[in-house]
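Below, each chain spelled out in residue letters.
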Amino acid sequence: MTPALAAFLRPSPFALKFATKGVLAMALALYAAFFFDLDRPYWALISAAFLQTRPMSGMVVEKGICQVTGTFVGTCVAVVIMGCFAQVPELALGSVTLWIGLCIYGASLTHNNLSYGCVMAAVACMIIVVLTSSAPDDFFSVALARLSELSLGALCAVVVSALLWPIRVRDHLGQLADTAVNATFRYMALAFSMPLEGGKTTGRQKDQHQERMAMLEQMMTGLDALNNLEIDAHSARYEGPQGKGRIRGVHLLTRRSMRLYATLKALHQLRHPEFFVPSQNDDGGTSAQPNELNQVQREEAERFSQPTQDLMQRLGAAFQSMADNQGTAQARKTLKELRGECLRLSRGQRSITALEARLLFSLREVLGHALVILQAREVINHPGRHQLRQPSMSWHRDHGRAAIDAIRAMTIFSATAIFWLATAWDNGAVAMLLGTLFSGIFVSRGDPAPIIPMVLKGLLLAVPSVLLFGNVMLSHAQHFVPFVTIFSIPLFLGLMGSVVPALAGIALPFVVFNILLVMPDNGMTFDVAYTLNRSLAAGIGLIVTIIGFRLIPVPGAGWDKRQLIRATASDIRELAERSTERLDSWFGGRMGDRLLRLARHEQTRSREQEARRSGEKASGQPDDTQQPVVGMPLLTLGLTGMDIGRGIGFVRRELGNDVPRPVLHALRELIHALADDYQRCARGESPTRMCAAGDRLCEVIEQHHTMSRHKQSLLAGWLTRVELTLQSDALRQRHS
């Protein structure tokens, strides 16, 4: 049985509860709107429907607040526009176009439900101005009615969500935190358990491919959970006084997980260069001899002593045990014992190289991050037991992409507005509404162009449903109970299907269009021609939206890569000027969102590659799964940037505040050289400046005795590791 059939013939208990809650919320909103004799009760229905897409109590409250606030702001702007241009509809629509562009610009720069609030501000202003442009005297009554209807729908959704089968954000966050921590520990177990010797046999290459895919799967699982945690955590503040503690725990878990991934990626790349750099020529053939980079890295890897290799094998076994639901107390005890073993090993070996000393120091960092990750998970699940201060993450704001989104939304609205003015078609306002709504809702999507045709399919499925239930069956309903029972049948089916990810893009629009095309109110006319007329207007609005996204597409991964790399390099340069007290929190907070964005691009890229491989298998083409693949080139760059920033923070903290001028000058030169070489590496070019700048800094530090011998050794090892990492990443960019 296909997933689509299973969703309706054998629905899960969650799907039945979700659909029941959604239908009850909409029925309550409709009854209240009829009771208060509101002008357009279906807006209360739509408000309740949108809020039920994520039925967790805190999320419904937060989204409802953003919806009402956005509607109020949009209403106030509509008052100003109509006060100035009530007699000139063209100027009024031009002002609305500018307001829509501003709102979509803000929606693109904000996150979570704040983005939805910006979209509602644009929609509310547009609806009020369009509906009252032909009758300015009714302006205030229409504005008050829209605000009342949307607020009523939000209130009904909040009440039903809180009273009927309540789903708490705190439980959702706890599950995501467990997923993120366990996936991270499994990734670490795989990374440390791999033997150091790579081998060149076909069997070993096959094993490496399987190990690579297993590690990538665990990393992407962990990053996906962290991404959802950051998106959903803010709603926890509406579920009691402990909500803020959970939010701080989420920020701590995200930051430390990102630092851990960055450090672990550098260590694993140093031990296993063949894991990250494919042994293929540009033409796809296999090299007969390892290239110069691999040879240098293998020579460096051979310097690791046997006790260090044995320790890493123990780490792999320990993290696998922790991922298999080992108790938190036992996990902490194990991590502390291993951390002490790293310290004893680094102090007990006299002939240790600078690179191995840095590796052991990084292992202690990894174990320290793991301890903090366990604490963060405890804070998320039981915030009352811990007192934690953790600043929120800084969001990456791409103003260029926001401007493109705003221009697209303005273009779509302008096209539908010109069509409406030229034809004087009453239902042309529906096309304007849908163009504005969907061009705003999809700004948070990486590539919404494939999703909008699914919305059009939802409309096509809704038309026969409306003709049957809305025009034929509803015409025989004489009272509210039979009316709402008949009307709820397609809504219930649509909500039940929306639980299945493959059907959500069709099922949710199906629900919305059933409401928009039926438009239940106190003066309904069951006119088939009017329904088809309104369906045609909705189709025109969607088609214009599709054309708008095709003509002005969302910037792809290449754009995001350039913007994120440029911003990361700029922050690396700024590390030379900032105070050392909050260096790590500032840089880590700014890098967290960038890494999550890069992870989302990698997820999209992985799905596309998997779809291509599935298509090749279905068409009978030769399977290339035995060939080494280059995984996560974008995310690897982000992790390298995080590792560079953390290393600079370590150097600055060890030097202290009272730094001799020659040392400070050499450090600034190194920081700027690292930023420049990082950008070169993103272009596929090998580093050229950092080697000389690093040697110069080491010489000046030794002359002025500003660091101990042990710290100088760690610095030299870190510089060697970063140089090899940048060389490897540059080669990966050329191959990818």
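Residues numbered from 1 in each chain as written. Predicted model: local features only at pLDDT ≥ 70, side-chain atom pairs only at ≥ 80, totals over all residues. Heavy atoms only, no water.

Student: What is the right way to read the overall build of the protein chain from this model?
Tutor: Within the protein chain, the secondary structure is distributed over 27 helices and zero strands. Counting the 736 residues in the protein chain, one finds 56% classified as buried. Just so you have it, the protein chain exposes about 30,900 Å², and 57% of that area is on carbon and sulfur atoms. (Helix = DSSP H or I, 4+ residues; strand = E, 2+ residues; numbered from the N terminus. Buried < 20%, exposed > 50% of the residue type's maximum accessible area, 1.4 Å probe, protein only. Areas by Shrake-Rupley, 256 points an atom, 1.4 Å probe, with all protein chains shown as cover.)

Student: Help me understand the environment of D658, please; the structure alone is not making it clear to me.
Tutor: By the element assignment, D658 lies in the loop between α24 (633–655) and α25 (661–682). Here D658 falls in the exposed class, since its relative accessible area comes to 73%.

Student: Quick question: what am I supposed to make of the nonpolar core here?
Tutor: Nonpolar side chains in soluble globular proteins generally cluster together in the buried interior. Judged by nonpolar contacts, the single largest core of 108 residues is most densely connected at F319 and L363. For this core, the element with the highest residue contribution is helix α15 (residues 354–381), accounting for 14 residues. Apart from the residues lying within four places of it in its own chain, the contact partners of F319 are F185, M188, A189, F192, L335, L367 and A370. Residues L38, V123, V466 and V511 belong to the second largest nonpolar core, which totals 99 residues. (Core = buried A, V, L, I, M, F, W, Y, C linked by side-chain atoms within 4.5 Å. Contact = heavy atoms within 4.5 Å.)

Student: Looking at this structure, how should I read the packing of aromatic side chains?
Tutor: Taken as a whole, this structure holds 15 aromatic pairs when the rule is applied. Taking 6.4 Å as the distance between ring centres and 20° as the angle between the ring planes, the aromatic pair formed by Y31 and F35 counts as stacked. Of this pair, Y31 and F35 both sit in helix α2 (residues 13–35), separated by four residues, roughly a single helical turn. Residue class for F35 comes out exposed when judged on its relative accessible area of 59%. Arranged with centres 5.8 Å apart and planes meeting at 20°, the rings of F438 and F442 form a pair that is stacked. Taken individually, F438 and F442 each receive the classification buried, so the pair is uniform in this respect. (Phe/Tyr/Trp six-rings, centres within 6.5 Å; stacked < 30°, edge-to-face > 60°.)

Student: So what exactly am I meant to see when it comes to the packing of helix α26 (residues 690–704) against helix α27 (residues 709–735) here?
Tutor: When two helices pack together, their arrangement is given by the angle between the helix axes and by the axis-to-axis distance. Running from amino to carboxyl end, α26 crosses α27 at an angle of 180°, the nearest separation of the two axes being 11 Å. When the axes of α26 and α27 are compared, the pair comes out roughly antiparallel. Residues M690, C691, G694, L697, C698, I701 and E702 of α26 touch α27, and the partners they reach there are R709, Q712, L715, L719, V722, E723 and L726. Partitioned by chemical class, the residues of the contact of α26 with α27 number nine nonpolar, two polar and three charged. (Axes fitted to C-alpha atoms, helices over the stretch in contact; angles between N-to-C directions. Parallel < 35°, antiparallel > 145°, perpendicular 65-115°, else oblique. Nonpolar A, V, L, I, M, F, W, Y, C, P; charged D, E, K, R; others polar.)

Student: Help me understand the packing of helix α16 (residues 399–423) against helix α17 (residues 428–441) in this model?
Tutor: Viewed as axis vectors pointing N to C, α16 and α17 meet at an angle of 180°, and their least axial separation amounts to 9 Å. As summarised for this structure, α16 and α17 are arranged roughly antiparallel, according to the angle between their axes. Contact with α16, carried on its side by A409, I412, F413, T416, A417 and W420, involves G428, A429, A431, M432, G435, T436 and S439 of α17 and no other residues of that element.

Student: Would you take a moment to explain the environment of D426 for this structure?
Tutor: With respect to the secondary-structure elements, D426 resides in the loop between α16 and α17. Between the alpha carbons of D426 and R534 there is a distance of 9.2 Å; along the sequence they are 108 residues apart.

Student: Help me out: how do you make sense of the side chain of R364 in this one?
Tutor: Summarising the element assignment, R364 is placed in helix α15. Of the side chains with opposite charge, E365 comes closest to the buried, unpaired R364, at an N-O distance of 8.6 Å. For R364, the contacting residues outside a window of four places in its chain are R339, C342, L343 and S346. (Lys, Arg positive; Asp, Glu negative; His and termini not counted. Salt bridge = Lys/Arg side-chain N within 4 Å of Asp/Glu carboxyl O.)

Student: In this structure, what is going on with unusual backbone geometry? I would like to understand it.
Tutor: With the exception of glycine, most residues fall at negative phi, and the peptide bonds are largely trans. Although it is not a glycine, M519 sits at a positive phi angle of roughly 50°. Tracing the sequence through the fold places M519 in the loop between α20 (501–518) and α21 (528–551). With relative accessibility at 11%, the residue M519 sits in the buried group. Phi is positive for H705, which is not a glycine, with a value near 55°. As for its position among the elements, H705 is in the loop between α26 and α27.

Student: Would you mind showing me how to read the side chain of D571 here?
Tutor: Structurally, D571 is set in helix α22 (residues 557–574). Sequence-distant contacts of D571, defined by excluding residues within four places in its chain, comprise W586, F587, R590 and R594.

Student: Explanation requested: a nonpolar patch on the surface in the structure shown.
Tutor: Together, L5, F8, L9, I489 and L493 make up a nonpolar patch on the protein surface, roughly 450 Å² of accessible area in all. Elements with a contribution of two residues or more to the nonpolar patch: α1 (3–9) and α19 (480–497). At three residues, the largest contribution of residues to the nonpolar patch is made by α1. The exposure class of I489 is partly exposed, given its relative accessible area of 37%. (Patch = residues over 30% accessible without salt bridge, like charges linked within 9 Å, V, L, I, M, F, W, Y side chains within 5 Å.)

Student: Honestly, the pattern of salt bridges in this entry has me stumped. Any pointers?
Tutor: One side chain can pair with another of opposite charge once the charged atoms of both are near each other. By the definition in use, this model includes 16 salt bridges. The partner of E574 in a salt bridge is R578, with the nearest N and O atoms 3.1 Å apart. In this structure, the salt-bridge partner of R683 is E685, at a minimum N-O distance of 3.6 Å. Among the residues examined, R683 registers a relative accessible area of 53% and is labelled exposed. Under the relative-accessibility criterion, E685 is labelled partly exposed at 28%.

Student: Explain the confidence of the model for the protein chain here, please?
Tutor: Regions with low pLDDT carry predicted coordinates that are not meant to be interpreted in detail. Of all residues in the protein chain, 85% attain a pLDDT of 70 or more, and the chain-wide mean is 81. Counting interchain partners and residues more than four positions distant, the pLDDT-below-50 stretch residues 275–290 has 31 contacts. Taken as a whole, residues 622–630 scores under 50 in pLDDT and shows 20 contacts with residues more than four places along the chain or in a different chain. (pLDDT = per-residue confidence, 0-100.)

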